[in-house]
Amino acid sequence: MNLAIIETGLVPEPLRGRFRPYPEMFATMLARHGARIAPDFVPVLEGAPLPDPEGLDSVLITGSPAGVYDPLPWMDPLRNFIRRAHERGTKMVGICFGHQIIADALGGDVRKSEKGWGLGRHVYEVLPDHPHFVPGVDKLAIACSHQDQVITPPPMAKVILRSAFAPNAGLSYAGGNILSFQPHPEFEDDYSKALIDLRRGKVSEDVIEAAHDSMKTRSDSAILSHAISRFLAC
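Described below are features of the structure shown in this document.

Conventions adopted
Numbers given to residues run from 1 along each chain, matching the order in which its sequence is written. Per-residue local features of the predicted model are confined to residues with pLDDT of at least 70, and side-chain atom pairs are confined, for both listing and counting, to 80 or more; whole-chain, interface and lining totals are unaffected and use all residues. Note: side-chain values were computed over all heavy atoms of the structure, leaving out hydrogens and water. A run of H or I in DSSP becomes a helix once it reaches four residues, and a run of E becomes a strand once it reaches two; helices and strands are each numbered from the N terminus. For a helix, the expected span equals 1.5 Å multiplied by the residue count minus one. For each residue, the accessible area found with a 1.4 Å probe, counting protein chains only, is set against the maximum for its type, and the residue is called buried under 20%, exposed over 50%, and partly exposed in between. Throughout, the arc means the angular range of directions from the helix axis out to the C-beta atoms. Note on contacts: a residue pair qualifies if any of its non-hydrogen atoms lie within 4.5 Å across the two residues. Note on geometry: axes are C-alpha line fits, over the in-contact stretch for helices, and angles between N-to-C directions span 0 to 180 degrees. For classification purposes, angles smaller than 35 degrees are called roughly parallel, those larger than 145 roughly antiparallel, those between 65 and 115 roughly perpendicular, and all remaining angles oblique. Gly falls in the polar group here, along with every residue not listed as nonpolar (Ala, Val, Leu, Ile, Met, Phe, Trp, Tyr, Cys, Pro) or charged (Asp, Glu, Lys, Arg). Strand pairing requires that DSSP identify at least two bridges connecting the strands.

## Describing helix H2 (residues 75–88)
Between its terminal C-alpha atoms H2 stretches 20 Å, which fits the 20 Å expected from 14 residues at 1.5 Å a residue. Looking at H2, one finds that the buried residues are Met75, Leu78, Arg79, Phe81, Ile82, Ala85 and His86. One side of H2 holds all its buried residues, which, seen down the axis, span an arc of 160°. Of the surrounding secondary structure, the elements contacted by the buried residues of H2 are strand E1 (2–7), strand E3 (58–61), strand E4 (91–95), helix H3 (97–105) and strand E11 (178–181).

## What to know about the packing of helix H4 (residues 189–198) against helix H5 (residues 205–214)
Taken N-terminus to C-terminus, the directions of H4 and H5 make an angle of 175°; their axes are 10 Å apart at the nearest point. Here H4 is positioned roughly antiparallel relative to H5, judged by the angle of their axes. Residue-level contacts link Lys193, Ile196 and Asp197 of H4 to Ile208, Ala211 and His212 of H5. Grouping the constituent residues of the contact of H4 with H5 by class yields 3 nonpolar, 1 polar and 2 charged.

## Thoughts on the sheet that holds strand E7 (residues 139–146)
Reading across the sheet, the 9 strands line up as E2-E1-E3-E4-E11-E10-E9-E6-E7 and stay open at both edges, with mixed pairing between neighbours. Looking at strand neighbours, the two that pair on one side only are strand E2 (38–43) and E7, the edges of this open sheet. Each adjacent strand pair in this sheet contributes to an overall mean axis angle of 25°, direction not counted. The pairing of E4 with E11 spans 4 bridges and is parallel. Bridge pairing in E11 links glycine 94 to serine 180.

## Overview of the pairing of strand E10 (residues 170–173)
Side chains of E10 alternate between two faces, with Gly170 and Ser172 and Leu171 and Tyr173 buried alike. Note: strand E9 (residues 157–162) against E10, 4 bridges, orientation antiparallel. The partner of leucine 161 across the bridge, within E10, is glycine 170. Judged from the 3 bridges that link them, E10 and E11 form a sheet pairing that is antiparallel. The residue bridging glycine 170 from the neighbouring strand is phenylalanine 181, located in E11. Counting the residues between successive antiparallel strands, the hairpin from E10 to E11 contains 4 residues, one of them, glycine 175, with a positive phi of roughly 100°.

As far as function goes, none of this settles anything; it's purely spatial.
As structure tokens, then:
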């Protein structure tokens, strides 16, 4: 199965010597679950053209420091790509910004949240009776790093993951070809902690310390990444 990983953001410059690019994080995440996926990285920030959805089995859109409201030259082409891929029925997964831009392209409302930064390991409620999660799993603790949120999902989207901080943290779309999530199952803990420290001076020390304390909660990233891997492979 071929997978186009659309790279919409870079690891922050102070961390680039220590951590791999986001597409490599996702490729490693999927490989852990034995997915037979041949990823093709598409660096749109460098001007790489978006592929034709007709030739793709699946698409994954990464996180980004950009917001859907930013007037960047690759933003509208990406929206059009998402719409075409959805019409064709191409499998799509969006994470963080990817979650937001898919919702935005398909009629949802995405904005910078008045709740501020979501940092550290947040605990999300898994809504029942969804086929992509292991039966009996009702909560997932996953690392996050975001200010923007999906405020109103598109009409064809169903909420499958939520928290008090992010009520629309996971969406499944009618037709069964799109899953998207606000938290980051691809992040290793050392990277999540480095991102928290990078926010010092932008948020209060109370928020920083609470975020670090939350990282003591056991990670359920493997459960979410396994669900994503099965979704892409089926």
